[in-house]
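# Summary of the model geometry
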Amino acid sequence: MKISGASALMRSLVNQGVDIIFGYPGGAIMPAYDALYHNRKHIKHILVRHEQGAAHAAEGYARLSGKVGVCLATSGPGATNLVTGIADAMMDSVPIVCITGQVASHLVGTDAFQEADVIGITTPITKWNCQVTKPEEIPYIIAKAFYIASSGRPGPVLIDITKNAQTEVFDYKPVKKVSLDSYKPNKHISLAHIKKAAKLINSAHRPLLLVGHGIHISHAYKELLTFVNKTGIPIASTLHGLSSIPANHKSYVGLLGMHGKYGANVLTNQADVIIAIGMRFDDRVTGRVADYARQAKIIHIDIDEAEIDKIIKTTLSIVGDGRQVLERLIPFVKKNSFDDWLSEFRRYDEIEYEKVTRKELTPSNGSILMAQVIDILSNLTKGKAVVVADVGQHQMVAARYYNFDRENSFITSGGLGTMGFALPASIGAKFGSLGRDVIAIIGDGSFQMTIQELATIAQEKLAIKVIILNNNYLGMVRQWQELFFDKRYSFVDLQNPDFVAVAKGFHIEAEKVSHKHALADGLKRLLSKNGPYLLEVIVEKEENVFPMVPSGAACDEVVLE
């Protein structure tokens, strides 16, 4: 059967189970969009308002659905606008396939109109990329792209397709699966290392379990819960590990890192055995590496061998999928409890409550603090909503005060820290899990980075709830300038638009809350609406987020005020 490369592209995507694409058309990708028009019964296309939004939406979709997210853009500026989202997906191990158009093969390298070397640009920020110049390459390349993106440690793949490869015809033969001799992501899990790890765990007196994004990627929720219930080991979470285990679990001791729990950070440096699963010892977790857990024996479990001993020297490593490793480890660990050790975490919780939490939830003046918003939201949703947080103070407060009761419920930009992530990512998240409430928590600065995606939400009639925590500042930068730059507030004061009027201009219902007594009712209205809704909350202008591990400090050098 002779068909065009563009038609082969669409058939190949359908063969990979793709039923939704986030994109923006343009000249060099127009043949693919024409083929998409003829395949619209099989593939739904979501027209974003900026290509960066397409990449973030694909991320949100992948994170919630467990499938590969797909985005589509044209050449030149269309392709370069994807770059931030691609880098974000690379840092956070999110499987997306980005397809870009390119000028015709004979024009490549001539600085033709809307030509950019997207392969060169994206090589450092993709798991794999490839330029297609002939239509017959498309079926195999697409199958290979999805395999690489979704296997092993997931990540972004970019396929750049020249315009002639889209228009020329060839004898189409479908390719659904590929096998690559040079790429073997499924590592053999060493039984000897499993037994050695169990021996270390069984002999520990003050063990601590640290979980990261790998728990979500491997869908290891059941195995994690079984392991924790059997061993009784205290469990702490990285930012991406949040919602791996219910927040009210008796062994859960909270968030790690720069704005994590007081006890979880301090007692990391008192544990005798640390078991790290699916996390990479990011600098935001370790603090000053030279003083990180020097007293502990470290067991590091990760699917990516390159992460082992990269930052923290391990006593024992197990390379493999988190769920599969836990399955093999559980039979060898003994039933145990660590009540006295857990009680030490609770004592630190009491100190944190008196110095931080109580003041944030019950301020003496009439202003609204960010913690109050998240606390009420958590109670109203019973911890079961999908929270998509942007980057900044509001992100840390959402992570600290939303009590997640359901797995895979927190989506944010971690490694890259991309402002503007949440609004488009919430679009993908909503399509990735249509039956769940999706709530975007965004700061006033971050919101204006991708504000145009309100149009996408309105056009698709998505029941996404947007909460803007507005302090008229770039809050996290201002906090650092206050604490470390003698209050020299250098270009962080924002003159914001009327966000309610802007939302209504996009045909989205909206309201503003500026008084504490109106907050709960405003949040109830937000949650009760069938369609999209925006709630702007005016919060304390110069509020700081504590606890805090200052940059360059050890993880136990926590500042509470």
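Presented here is an overview of the structure given in this document. A quick note: this is a predicted structure, and the numbers were derived from the prediction, not measured. (Residues numbered from 1 in each chain as written. Predicted model: local features only at pLDDT ≥ 70, side-chain atom pairs only at ≥ 80, totals over all residues. Heavy atoms only, no water.)

Regarding its fold elements, the protein chain presents 23 helices and 20 strands. Dimensions of the protein chain, computed from C-alpha atoms along their principal axes, come out at roughly 70 × 60 × 40 Å. The buried share of the protein chain, taken over its 561 residues, is 60%. Long-range pairs, those at least 24 residues apart, make up 76% of the contacts in the protein chain between residues at least 6 apart in sequence. Computed over 60 positive and 57 negative side-chain charges, the separation of the two mean positions in the protein chain equals 7 Å. (Helix = DSSP H or I, 4+ residues; strand = E, 2+ residues; numbered from the N terminus. Buried < 20%, exposed > 50% of the residue type's maximum accessible area, 1.4 Å probe, protein only. Contact = heavy atoms within 4.5 Å. Lys, Arg positive; Asp, Glu negative; His and termini not counted. Charge placed at Lys NZ, Arg CZ, Asp CG, Glu CD.)

In the contact formed by helix α3 (residues 51–65) and helix α18 (residues 422–432), the axes pass within 6 Å of each other and the chain directions differ by 35°. In this structure, the crossing between α3 and α18 has a hand that is right-handed. Mapping the contact onto sequence places Gly53, His56, Ala57, Gly60, Tyr61, Leu64 and Ser65 in α3 and Pro424, Ala425, Gly428, Ala429, Phe431 and Gly432 in α18. Grouping the constituent residues of the contact of α3 with α18 by class yields seven nonpolar, six polar and no charged. (Axes fitted to C-alpha atoms, helices over the stretch in contact; angles between N-to-C directions. Left-handed = near helix turned anticlockwise from the far one by under 90°. Nonpolar A, V, L, I, M, F, W, Y, C, P; charged D, E, K, R; others polar.)

A complete count under the given rule lists zero disulfides for this structure. Cys98 supplies the cysteine sulfur nearest to Cys130, a cysteine that is in no disulfide, at a spacing of 14 Å. Judged by its relative accessible area of 16%, Cys130 falls in the buried class. (Disulfide = S-S within 2.5 Å.)

All right, on to unusual backbone geometry then. Cis rather than trans, the peptide bond between Phe546 and Pro547 has omega equal to -5°. Residue placement: Pro547 occurs in the segment after β20 (533–538).

The next thing to look at is the sheet that holds strand β4 (residues 69–73). Across the sheet, six strands lie side by side as β3-β2-β4-β5-β7-β6; this open sheet has parallel pairing. Edge positions in the sheet fall to β3 (44–47) and β6 (128–132), since each of these pairs with one other strand and no more. Taking the axes of each pair of neighbouring strands and ignoring which way they run, one obtains an average angle of 20° across the sheet. Of the pairings in the sheet, the one linking strand β2 (residues 20–23) to β3 comprises four bridges and is parallel in character. Each bridged residue has a counterpart across the sheet, and for Ile20 the counterpart in β3 is Lys44. α3 contacts β2, β4 and β5 (96–102) of the sheet and is inclined by roughly 170° relative to β4. (Pairing = 2+ DSSP bridges.)

Bringing helix α5 (residues 83–92) into the picture now. All of the buried residues in α5 are Gly85, Ile86, Ala87, Asp88, Ala89 and Asp92. Buried residues in α5 make contact with α3, β5, α6 (118–122), β7 (156–162), α10 (213–217) and β16 (410–412). Following α5 by one or two positions, Ser93 has its phi on the positive side, about 55°.

For the rest of this paragraph, the subject is the environment of Asp375. On the secondary structure map, Asp375 appears in helix α16 (residues 370–381). Between the C-alpha atom of Asp375 and that of Ala149, which follows or precedes it by 226 residues, the distance is 37 Å. Apart from the residues lying within four places of it in its own chain, the contact partners of Asp375 are Leu361 and Tyr401.

All right, on to the sheet that holds strand β19 (residues 509–513) then. Read from one edge of the open sheet, six strands run β16-β15-β17-β18-β20-β19, paired in parallel fashion. Strands at the two margins of the open sheet, each flanked by one partner only, are β16 and β19. Taken over all neighbouring pairs, the strand axes of this sheet differ in orientation by 20° on average, direction set aside. Of the pairings in the sheet, the one linking strand β15 (residues 386–389) to β16 comprises three bridges and is parallel in character.

Assignment of secondary structure puts His394 in helix α17 (residues 393–401). The buried category is assigned to His394, whose relative accessible area is 5%. At a separation of 3.3 Å, a polar atom in the side chain of His394 contacts the main-chain amide nitrogen of Gly443. Residue contacts for His394: discarding those within four places in its chain leaves Met370, Ile441, Ile442, Gly443, Ser446 and Leu469. (Polar contact = N/O pair within 3.5 Å; in protein donor to acceptor, adjacent residues only side chain to side chain.)

The subject of this paragraph is a nonpolar patch on the surface. Taken together, the side chains of Leu483, Phe484 and Phe485 present a nonpolar region at the surface, about 260 Å² in accessible area. Relative to the helices and strands, Phe485 resides in the loop between α21 (475–484) and α22 (499–505). (Patch = residues over 30% accessible without salt bridge, like charges linked within 9 Å, V, L, I, M, F, W, Y side chains within 5 Å. Areas by Shrake-Rupley, 256 points an atom, 1.4 Å probe, with all protein chains shown as cover. Salt bridge = Lys/Arg side-chain N within 4 Å of Asp/Glu carboxyl O.)

It is worth spelling out the packing of aromatic side chains at this point. Taken as a whole and assessed by the stated rule, the structure comprises 12 aromatic pairs. Seen in terms of ring centroids, Phe170 and Tyr172 are 6.4 Å apart; in terms of plane orientation they differ by 80°. Their pairing is edge-to-face. In terms of burial, Phe170 and Tyr172 fall into one category: buried. Members of the aromatic cluster, joined through ring pairs, are Phe22, Tyr61 and Phe431. When the ring centre of Tyr37 is taken as reference, the NZ or CZ atom of Arg40 above it lies at 3.9 Å. The positively charged end of Arg478 is found above the aromatic ring belonging to Tyr473, 5.7 Å away from the centroid. (Phe/Tyr/Trp six-rings, centres within 6.5 Å; stacked < 30°, edge-to-face > 60°. Lys NZ or Arg CZ within 6 Å of the ring centre and 35° of its normal.)

The element β5 is largely enclosed, with a buried count of seven among its seven residues. On β5, burial covers both faces: Ile96, Cys98, Thr100 and Gln102 on one face and Val97, Ile99 and Gly101 on the other are all buried. With five bridges connecting them, β4 and β5 associate as parallel partners. Each bridged residue has a counterpart across the sheet, and for Gly69 the counterpart in β5 is Ile96. Bridging between β5 and β7 involves seven bridges; their strand directions are parallel.

Moving on, we come to the nonpolar core. By size, the foremost hydrophobic cluster in this structure holds 98 residues, and its most contacted members are Leu209, Leu210 and Ile467. Aside from chain neighbours lying at most four places away, what touches Ile467 is Val373, Leu377, Ile439, Ala440, Ile441, Ile442, Leu523, Leu526, Leu535 and Val537. Formed by 52 residues, the second largest nonpolar core is a distinct cluster that contains Ile46, Ala54, Leu423 and Leu534. (Core = buried A, V, L, I, M, F, W, Y, C linked by side-chain atoms within 4.5 Å.)

Between helix α9 (residues 191–202) and helix α14 (residues 322–329), the shortest axis-to-axis distance is 10 Å and the interhelical angle comes to 70°. Between α9 and α14, the angle is such that the two are roughly perpendicular. At the point where α9 passes α14, the crossing takes the right-handed sense. From α9, Ile194, Ala197, Ala198 and Ile201 reach across to α14, where they touch Val325, Arg328 and Leu329. (Parallel < 35°, antiparallel > 145°, perpendicular 65-115°, else oblique.)

Purely geometric stuff here, so don't read any function into it on its own.
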